[in-house]
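A look at the structure
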Amino acid sequence: MEVNQMQRSFLEYATVLFREGFLDGQFSQLQMLQDESNPDFVVEVVSLFFEDSQKLLNDLTTTLDQQNVDFKKIDAHIHQLKGSSSSIGAQRVKNACIAFRNFCDQQNLEGCMRCLQHVKQEYLLVKSKLEALLRLEQQIVAAGGAIPVLSEFS
Amino acid sequence: MELCNCIEPPWPAGELLMKYQYISDFFIALAYFSIPLELIYFVKKSAVFPYRWVLVQFGAFIVLCGATHLINLWTFTLHTKTVAVVMTTAKVLTAAVSCATALMLVHIIPDLLSVKTRELFLKNKAAELDREMGLIRTQEETGRHVRMLTHEIRSTLDRHTILKTTLVELGRTLGLEECALWMPTRTGLELQLSYTLRHQNPVGFTVPIQLPVINQVFNTNRAVKISPNSPVARLRPAGKYMPGEVVAVRVPLLHLSNFQIHDWPELSTRRYALMVLMLPSDSARQWHVHELELVEVVADQVAVALSHAAILEESMKARDLLMEQNVALDHARREAETAVRARNDFLAVMNHEMRTPMHAIIALSSLLLETELTPEQRLMVETVLKSSNLLSTLINDVLDLSRLEDGSLKLEIGTFSLHTLFRETYNLIKPIASVKKLNFTLSLSPELPEFAIGDEKRLMQVLLNVVGNAVKFTKEGSISVSAFVAKLDSLREFRAPDLISIPSDNHFYLRIEVKDTGLGINPQDLPKLFMKFVQSQPTKNSSGLGLAICKRFVNLMEGHICIESEGLGKGSTAIVIVKLGIPGRSNESKLSFVHKVPRNQVKPAFSGLKVVLMDDNSVGRMVTKGLLVHLGCDVLAVGSGDECVRVINHEHKVVFLDVSMPDVNSFEVAVRIHEKFSKRMDRPLIVALTGNTDRMTKENCRRVGMNGVLLKPVSVDKMRSALSDLLEKGFFVESK
């Protein structure tokens, strides 16, 4: 059946994402929260994350470009980004944020710049992958199938 | 005396004699000269003549003899000495050669004579071979006749045609005057004349079978010459002519049963027919050996052909019989189907008809119980209600059982949670057990899969029935229910033939044991337990059908149910084994694929619980809100501490504060919330959500009076257990 095929490819794609560390168990938790009364939960959360992260990254870029870099502000932004990414399960982004935060504590501008680039990279990567995953989900739902829930993997 | 060498021929005296001698000598010489020539000529002509040397000798001898006689001609008159010398030489030579030849002939003549003997011998041999050739040709002819006869006989499967053809062909081939076949009668005591060639005798003429001549023929498989006067041979009206020789041969009549042994059936229970053949009378013909052989062979062939015909007849009869039986069976089947349909219709109608009044009785009795009644009246109404419930159950059981019996009941297979099944059963039975002050325990083996594929409703029915029985028949003590995955050896101990399938990856056998310390069962009654309407304890009023239905359900689930008891008063153990499927094992990808558990299976124990959530991170706020909504809470989510303090009211039972916010001091918020609610009763429980696990944070939380700390990210299960602990005990301790 086509739906089965789609579900299988969805699972395979998700497995890859998990294996490569783009997503972690928190994402599965999110999926579990989606049900008939809340059918678009994951999409909504992910969209919110994209919005939020985009804004934060822009702010970070602006702040780092200043003459006098306000490290406290950077810390606050990064804290937010770390929180969002960990809430959604974007593991690599979260790790990049943690690294960024260390440099920020040290007030190492160069390190911060590099980390910002790294965070942006990771963010863009996870964004495109999440979009692809959500597209697959939509296809499955459109074909009338159920979205497979990813259980905890060993 | 003058001796002269010359002899004067006295012509005048013996002149005539001399003349005749002279002529004879001349002719002799001529002959003597011509014979060798003839010999040479003829020998040259013939190809084979081994004695050339002899011929030469002979030739020489003859020639010399001739020469001698020729020369003799000159001696009749006066002749010179030369002539005399020549004559002498010739005579000497002749003498030599003739002696030599004579000597040679001694050797040669016996040889020549033996040639003659050999010639005679060869001639005899040729004559003998000729005779033998004649014999072979005759045999071949006979063989051809037999083949033709056999072909004629075997080309038909009709018994009468076979026999008639046999007689006709035999008569033709052997030039018989009469040919007859005597068949044994049904009684086997007589031979009846069945077929004749010329129809000269009445068919139906019988002869007793025990005649010596007949026995003689039956005892050998060869054709036997019999006397023309014997009763079987008296086929022609007695005429003035000398009857021809008669031969009789037995024809074995083989039955189908004779062919069950591997080799040709021996003389056991054999029936024979008799074939009688008569040569034409006054023909002076004799039965030749090859003719007898022909007759024997034909008799055997006829036997085979007849047995074929008999087999065919029997198989045709069997086929007709089968067809009749088929028709009868079909008819019976249709009748049975009609009966079953009628019964089902009847049951369905009756069921409905019976249930409607039952419902009325039960409903009204229940309503009556709610009204004011005197104790006696209450007792009466309760009895009415109990009895009607029982009757209602019985009606249901009857319908189920009848559907089970004709196999029209199908299991409704689905995926269900084993744990839930057992827990619900436990919850249903526990109150009753507690009332009877019985100890009721449930233990599930850890290797039991969480989910299984099977008929949940019917399995629950079986379980309830078995456990219910255990409770019913136990006055004191304990009931223990244990469930685990059945091992292969425990399956074998039941020696049920339908349990030979080894548990594979797709399914497993669930084994449930219900032990009770109740009344026990008499070992004699054990087999009757699963029979309908048989009660083991006359004092108890069990429904009588419950276990029978359970057994049928269990059988449908390819399992086994039995009850063991050591005796009255020693308690009993019910063992139920059913085959269940394992979900998601067979054809899914490596990442295990858990079916989405439908929302209503996870009972939101916190439905409508009003909570407040404070988190300044919009994504985190949305995620936690979704989590709490999923668990059934009514969530108010805020993004700042001020807002949080402002909106919180006494309806909110729990407040979740995210303590990782850098700007906001969540601890301060907690203090303010505490201040807001002076009465301890109204105060909501405060839970901190933090990403920090250090002791400092925990200390701070406790100091400000928070009721619990949750480590982010929070999973659904963690939240659920935290909330349930929180609501039960007022606090919770977070475990990893």
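Residues numbered from 1 in each chain as written. Chains lettered and ligands numbered in written order. Predicted model: local features only at pLDDT ≥ 70, side-chain atom pairs only at ≥ 80, totals over all residues. Heavy atoms only, no water.

**Overview of the overall build of chain A**
Convention followed: Only DSSP runs of H or I covering at least 4 residues are called helices, and only runs of E covering at least 2 are called strands; the numbering of each starts at the N terminus. In this scheme, a residue with accessible area under 20% of its type's maximum is buried, one over 50% is exposed, and one in between is partly exposed, where area comes from a 1.4 Å probe on protein chains only. Here a residue-residue contact requires only that any non-hydrogen atoms of the pair lie within 4.5 Å. Areas reported here follow the Shrake-Rupley algorithm with a probe of radius 1.4 Å; residue values treat only the protein chains shown as occluding.
Check the secondary structure of chain A and you find 6 helices and 1 strand. Counting over 154 residues, chain A shows a buried share of 50%. Counted over contacts in chain A with a minimum sequence separation of 6, partners at least 24 positions apart contribute 69%. Entry remark: accessible area of chain A is about 7,600 Å², with carbon and sulfur atoms responsible for 49%.

**As for a nonpolar patch on the surface**
Formally: Think of a patch as exposed residues, more than 30% relative accessible area, with no salt bridge, where like charges cluster within 9 Å and nonpolar side chains (Val, Leu, Ile, Met, Phe, Trp, Tyr) cluster within 5 Å. The rule for a salt bridge is simple: a side-chain nitrogen of Lys or Arg has to be within 4 Å of a carboxyl oxygen of Asp or Glu.
On the surface, B:Leu16, B:Tyr20, B:Tyr22, B:Ile23, B:Phe26, B:Phe27 and B:Leu30 cluster together to form a nonpolar patch covering roughly 750 Å² of accessible area. Turning to its location among the elements, B:Tyr20 is positioned in helix α1 (residues 11–45).

**Quick look at the pairing of strand β11 (residues 507–516) of chain B**
If a strand is regular, its side chains alternate between the two faces of the sheet. Residues and elements named next belong to chain B. To be explicit about the condition: When DSSP finds two or more bridges between a pair of strands, those strands are recorded as paired.
Here β11 lies mainly inside the structure; 9 of its 10 residues are buried. Summarising the sheet, strand β10 (residues 478–485) and β11 pair through 7 bridges and their orientation is antiparallel. Counterpart to Ala483 in the pairing with β11 is Ile512. Two elements, β11 and strand β13 (residues 572–581), share 10 bridges in a ladder whose sense is antiparallel. Bridging from a neighbouring strand, His507 pairs with Gly581 of β13.

**Describing the nonpolar core**
Defined as follows: In this description, a nonpolar core means a group of buried Ala, Val, Leu, Ile, Met, Phe, Trp, Tyr and Cys residues linked to one another through side-chain atoms lying within 4.5 Å.
Counting 68 residues, the largest nonpolar core has A:Ile74, A:Phe100, B:Phe656, B:Leu710, B:Met719 and B:Leu723 as the members making the most contacts within it. Of the residues forming this core, the biggest block, 11 residues, is contributed by helix α6 (residues 109–142) of chain A. Once residues lying within four places of it in the same chain are set aside, the contact partners of A:Ile74 are A:Leu60, A:Thr63, A:Leu64, A:Val69, A:Phe100 and A:Cys104. Listed in part, the 44 residues of the second largest apolar core include B:Leu409, B:Phe422, B:Val485 and B:Ile512.

**With respect to the sheet that holds strand β6 (residues 271–278) of chain B**
Residues and elements named next belong to chain B. This is how it is decided: Working convention: axes come from line fits to C-alpha atoms, limited for helices to the stretch in contact. Angles between N-to-C directions cover 0 to 180 degrees.
The strand order β3-β2-β1-β6-β5-β4 describes an open sheet built from 6 strands, whose pairing is antiparallel. The sheet is open, and its two borders are formed by β3 (206–208) and β4 (224–226), each paired with just one other strand. Sheet twist, expressed as the average angle between the axes of neighbouring strands with direction ignored, equals 35°. Note that β4 and strand β5 (residues 246–253) share 3 bridges and pair antiparallel.

**A few points about the UniProt feature "transmembrane region" (unreviewed entry) in chain B**
Residue and element names in this part refer to chain B. For clarity, the threshold we go by: UniProt positions are given in the numbering used here, feature names are shortened, and annotations may be inferred rather than shown by experiment.
The UniProt record annotates "transmembrane region" (unreviewed entry) at residues 20–41, 53–72 and 92–113. Its end C-alpha atoms 31 Å apart, residues 20–41 is made of 100% helix and 0% strand. In the segment residues 53–72, helix accounts for 100% and strand for 0%; the C-alpha atoms at its two ends are 28 Å apart.

**Things to note about helix α3 (residues 81–154) of chain B**
All names here are of chain B. This is how the line gets drawn: A helix is expected to reach a length of 1.5 Å times the quantity of its residues less one. Each residue is assigned a bend, namely the angle between axes fitted to the seven residues that terminate at it and the seven residues that start at it.
Taking 1.5 Å of rise per residue, 74 residues should cover 110 Å, and α3 covers 105 Å from first to last C-alpha, within 8% of that figure. Maximum bend of α3: about 35°, positioned at Val106, with proline Pro110 one to four residues after it. Within the span of α3, buried status applies to Met87, Ala90, Thr94, Val97, Thr101, Ile108, Thr142, Val146, Leu149, Thr150 and Ile153. At its buried positions, α3 is contacted by α2 (52–75), α4 (159–174) and α6 (289–370).

**Topic: unusual backbone geometry**
The phi dihedral of A:Gln107 falls on the positive side, at around 60°, and the residue is not glycine. Considering the arrangement of structural elements, one finds A:Gln107 in the loop between α5 (91–106) and α6.

**Observations concerning the UniProt feature "modified residue: Phosphohistidine" (unreviewed entry) in chain A**
Residues and elements named next belong to chain A. Mapped onto this numbering, the UniProt entry gives "modified residue: Phosphohistidine" (unreviewed entry) at His79. For His79, the location among the structural elements is in helix α4 (residues 71–88). Residue His79 is classed as buried on the basis of its relative accessible area of 14%.

**Side note on the environment of B:Leu385**
Residues and elements named next belong to chain B. Mapped onto the elements of the fold, Leu385 is located in helix α7 (residues 375–405). Each C-alpha atom of the pair Leu385 and Ile362 lies 5.8 Å from the other, and the pair is 23 residues apart in sequence. Not counting chain neighbours up to four residues away, the residues in contact with Leu385 comprise Ile362, Ser365, Ser366 and Leu369.

**Examining the sheet that holds strand β18 (residues 685–690) of chain B**
All names here are of chain B. Taken in spatial order, the 5 strands make up an open sheet running β16-β15-β17-β18-β19, and their pairing is parallel. Only two strands of the sheet have a single partner each, and these edge strands are β16 (634–638) and β19 (708–711). The mean angle between the axes of side-by-side strands here comes to 20°, regardless of whether they run parallel or antiparallel. Helix-sheet contacts for helix α12 (residues 618–630) involve β15 (610–614), β16, β17 (654–658) and β18, and the interaxial angle to β16 is about 170°. In the packing of helix α16 (residues 716–729) onto the sheet, contacts are made with β17, β18 and β19, and the angle to β17 comes to roughly 130°.

**Here we look at the confidence of the model for chain B**
Residue and element names in this part refer to chain B. Test applied: The predictor attaches a confidence to each residue, and that confidence, scored 0 to 100, is pLDDT.
The share of residues in chain B with pLDDT of 70 or more is 83%, and the mean pLDDT across the chain is 79. In the predicted structure, residues 586–602 sits below a pLDDT of 50 and forms 28 contacts with residues beyond four places in sequence or in another chain. Across the predicted assembly, pTM comes out at 0.37 and ipTM at 0.86.

**Describing the pattern of salt bridges**
Residues and elements named next belong to chain B. The final tally for this structure, using the stated rule, is 21 salt bridges over all chains. The shortest N-O distance in the salt bridge between Arg333 and Asp330 comes to 2.8 Å. Placement of both Arg333 and Asp330 in helix α6 is noted, with a separation of 3 residues, approximately one turn of the helix. Owing to a relative accessible area of 29%, Asp330 belongs among the partly exposed residues under this scheme. Its salt-bridge partner being Lys515, residue Glu513 comes within 3.2 Å of it at the nearest N-O pair. Taking the relative accessible area as the measure of exposure, Glu513 reaches 11% and is therefore buried. Given a relative accessible area of 40%, Lys515 falls into the partly exposed group. Taken together, the salt bridges that share partners define one network made up of Asp330, Arg333, Arg334 and Glu337.

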